[in-house]
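# Structural description and commentary
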Amino acid sequence: MNAIYLVIAALLILILFYRFYGAFLKAKVLSVNEHLATPAVRLRDNHDYLPTNRWVLLGHHFAAIAGAGPLIGPVLAAQFGYLPCTLWLLIGAVLAGAVHDTVILFASIRYDGKSLAEIAKGELGAFSGFITSLAIILILVVAMAGLAIAVVNALYKSPWGAFTVGVTIPIAIFIGLYMRFIRPNHILEATIIGVTLVLLGVVGGPYIQHTALGRLLTFNREELTILLAAYGFIAAILPVWLLLTPRDYLSTYMKIGTVLLLALGVIIVRPVLRMHAITEFVHGNGPIIPGKVWPFMFITIACGAISGFHSLISSGTTPKMLSNEKDIIPVGYGGMLIESFVSVIALIAATHLYPSDYFAINTLPEVFRNINPDLQQIKELPWLSGIIGEDLAGRPGGAVSLAVGMTSIFSRIPVFERLAGYWYHFAIMFEALFILTTIDAGTRVGRYLLQELGGYIYKPFGNFKWWPGIFISGGIISFAWGYLVYGGTVTTIWPLFGTANQLLATLALAIGSTFLIRRRKTQYVWVTVIPMLFLAITTVTAGIQNIFVNYLPKGNSILAIISAVIIIMIFAVITDCIYKWQKIWKNKSYVELK
């Protein structure tokens, strides 16, 4: 099938649901009050709470939620075929993911920008609030590891890629200082300067890689893991305006610009999707994802359709910067739909490759040798390796195959064929930016959660302005996920990430449902309860299969224990939610929605 049909269908569905379903959520389900002062206005401290321009905030929010998930998940799930993946990406995003993000963002604003754990405490009580805090911290560590491992696999032994990605950090700091002190409120001017500098970083890559600096930037996987953890720590403790917000804002332009450029390339080239609509691996035994299409496709795609990680951003940095409640739909609902479109484009780039080339990239040589002989007949991979200038086979994780797919599409435009090396490394930078902007925001959210939890033990620790608490909590979170990446692989970490991520979404939807029920919105609570039930059944099934089929038989007892603990904690909170719903309905213990 020609890929252009997927692009057109995706755009139409996403735009229509944004216009109509988004309006329904705003007016009926949430009853947004744009005259009510937001936490960013009432609690402004210019460090965490800061009223931010709607479009800058959308940039930050989208960059923070759109990590490796919308790129890597669909690429790995492509082994099941493009049809089931596309259906879940679109249906899941408009009816589950975007609803999840919007409801939690709204609830956090009404809770003064506090975290999901604090919302759970307010809605359910101290026990569920404490269990939610522990569950979120554990899930967050797993999520950061799952996201970081993709960038490690993409950037190791690649000085061009390391330079291009690394240079975005000082550029972001410069732009943060520029907008804060040199030329405040000149957003367009700062954007042009920042994007230009980032593009120069891509162009300068090939000149750097053959110099002494290039040799210094040639890292192995372990060194990259340490550097990523160090970056997460620094981003988590600095003021949001100095690194996090400008970096995310600039990254968003690169992300959206690249996706639109790739969509334009699809329109011009009109590539054929070479992967079958439904493959033989829907029944299981796939070389990348070993389980069946249900439930494993859902935990593999993860963020492109719905992501529990988003609830941490929607109750983390974003509600502390939203200047008016009327921006909830553009930022919350719209940000998720943009991510869904990104995932569809990523899926097209991956399924455009010949299946044999796709599997040769995404599996290690010993695995590739044992798959169906028909899938071992490599087609274009030697040619692509030649024009890119790197050996592309045996680099699993999804990032490389996505970059190769993008390069393959652009290289079919005659003018651009000679620029294949630039396209590939630009795509790697594009993917790494997605990941790093989630790592910095996610580590910061983890810092908030640890400080909130530590405040129960030692009160000053819960003060977000107390620097010892900031350093200690940021260091613990960064070390924890860095440790998992240091000793893990995509095969072990990604299924755990997908399970944990979707269970967190289930938890957030349950808490969001409680929030709506308490505020006399029972007639609309189906918008959160239906996706909650589907996710709960699907993800618990996947988690149990992971434990008894993938982890315990292969000696991964630590991952099995983490999976079991997460499932038990989520089950406890959801049970408490259902008990509280019955109690609210029986006693009519509602609260008024301001």
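Each residue is numbered by its place in its chain's sequence as written, counting from 1. In keeping with the model being predicted, local features are shown solely for residues with a pLDDT of at least 70 and side-chain atom pairs are shown and tallied solely at 80 or more, while totals for entire chains, interfaces and linings include all residues. The basis for every side-chain value is the complete set of non-hydrogen atoms in the structure, without hydrogens or water.

## Describing helix H20 (residues 399-411)
Spelled out, the test is: For helices the rule is a DSSP run of H or I covering at least 4 residues; for strands it is a run of E covering at least 2, with both sets numbered from the N terminus onward. Each residue after the first adds 1.5 Å to the expected span of a helix. Burial classes: relative accessible area under 20% of the type maximum marks a residue as buried, over 50% as exposed, and values in between as partly exposed (1.4 Å probe, protein chains only).
Relative to the 18 Å expected for 13 residues at 1.5 Å per residue, H20 spans 18 Å between its end C-alpha atoms, a close match to the ideal helical length. Burial analysis of H20 places 13 of its 13 residues in the buried class, the great majority of the element.

## Points about the side chain of Thr 52
Where we set the bar: In what follows, residue pairs with any heavy atoms lying within 4.5 Å of each other are defined as contacts.
One can find Thr 52 in the loop between helix H2 (39-42) and helix H3 (54-65). You can call Thr 52 buried: its relative accessible area is 12%. Contact partners of Thr 52, with chain neighbours within four places excluded, come to Leu 57, Met 321 and Ser 323.

## Describing unusual backbone geometry
Excluding glycine, a negative phi dihedral is what most residues carry, and trans is how most peptide bonds are arranged. For the bond running from Trp 294 to Pro 295, omega is 15°, close enough to zero to count as cis. Of note in the backbone geometry, Ser 31 takes a positive phi value of approximately 55° without being a glycine. The residue Ser 31 is located in the loop between helix H1 (4-29) and H2 in this model. In this structure Ser 31 comes out as partly exposed when scored by relative accessible area, which is 26%.

## Observations regarding a nonpolar patch on the surface
For the record, the criterion: Candidates for patches are residues over 30% relative accessible area with no salt bridge; among them, like charges are joined within 9 Å and nonpolar side chains (Val, Leu, Ile, Met, Phe, Trp, Tyr) within 5 Å. Only the protein chains shown count as cover for residues, with accessible areas throughout obtained via the Shrake-Rupley method and a probe of 1.4 Å. Throughout this description, the term salt bridge denotes a Lys or Arg side-chain nitrogen within 4 Å of a carboxyl oxygen of Asp or Glu.
Together, Phe 174, Leu 177, Phe 181, Ile 182, Leu 197 and Leu 200 line one region of the surface with nonpolar side chains, adding up to about 560 Å² of accessible area. Counting through the fold element by element, Leu 197 comes out in helix H10 (residues 187-208). By relative accessible area, which is 31% here, Leu 197 ends up partly exposed.

## Describing the packing of H1 against helix H5 (residues 82-110)
Rule in force here: Only the contacting stretch of a helix is used when fitting its axis, a line to C-alpha atoms as for every element, and angles between N-to-C directions run 0 to 180 degrees. In this scheme, roughly parallel covers angles under 35 degrees and roughly antiparallel covers those over 145, while 65 to 115 is roughly perpendicular and the rest are oblique. Should the near helix be turned anticlockwise from the far one by less than a right angle, the crossing is termed left-handed; should it be turned clockwise, right-handed. Side-chain classes follow a simple rule in which Ala, Val, Leu, Ile, Met, Phe, Trp, Tyr, Cys and Pro form the nonpolar group, Asp, Glu, Lys and Arg form the charged group, and the remainder, Gly included, forms the polar group.
The N-to-C vectors of H1 and H5 enclose an angle of 15°; their axes lie 11 Å apart at closest approach. Judged by the angle between their axes, H1 and H5 are roughly parallel. Along this stretch, H1 crosses H5, giving a crossing that reads as right-handed. Across the interface between the two elements, Leu 6, Ala 10, Ile 13, Leu 14, Phe 17, Tyr 21 and Leu 25 from H1 touch Thr 86, Leu 90, Val 94, Leu 95 and Val 99 from H5. Its residues assigned to classes, the contact of H1 with H5 shows 11 nonpolar, 1 polar and no charged.

## Here we look at the packing of aromatic side chains
Here the distance between the centres and the angle between the planes together describe a pair of aromatic rings. The cut-off we apply is this: In this scheme Phe, Tyr and Trp rings, the latter by its six-membered ring, pair at centre separations within 6.5 Å, and the angle between planes marks the pair as stacked below 30 degrees, edge-to-face above 60, and tilted otherwise.
In this structure the tally under the stated criterion is 18 aromatic pairs. When the ring of Tyr 21 is compared with that of Tyr 333, the centres are 6.4 Å apart and the planes differ by 55°; the resulting orientation is tilted. Residue Tyr 21 is located in helix H1, and its partner Tyr 333 is located in helix H16 (residues 328-351); the two are separated by 312 residues in the primary sequence. When its relative accessible area of 12% is taken as the criterion, Tyr 21 is described as buried. On the numbers, 6.1 Å between centres and 25° between planes, the contact of Phe 24 with Trp 526 is stacked.

## A few points about the pattern of salt bridges
Overall, the coordinates contain 10 salt bridges when judged by the stated rule. In this structure, the salt-bridge partner of Arg 274 is Glu 380, at a minimum N-O distance of 3.9 Å. Separated by 106 residues along the polypeptide, Arg 274 in the loop between helix H13 (244-269) and helix H14 (293-301) and Glu 380 in the loop between helix H18 (365-368) and helix H19 (381-388) bring together distant segments of the chain. Overall, the relative accessible area of 24% leaves Arg 274 in the partly exposed class. Put simply, Asp 48, Arg 444 and Arg 447 are held in one network by salt bridges that share partners.

## Section: helix H6 (residues 116-124)
Counting buried positions along H6 gives 7 out of 9 residues, so the element sits mostly inside the fold. For H6, the complete set of buried residues consists of Leu 116, Ala 117, Glu 118, Ile 119, Ala 120, Glu 123 and Leu 124. Gly 125 lies just past H6 and shows a positive phi near 115°.

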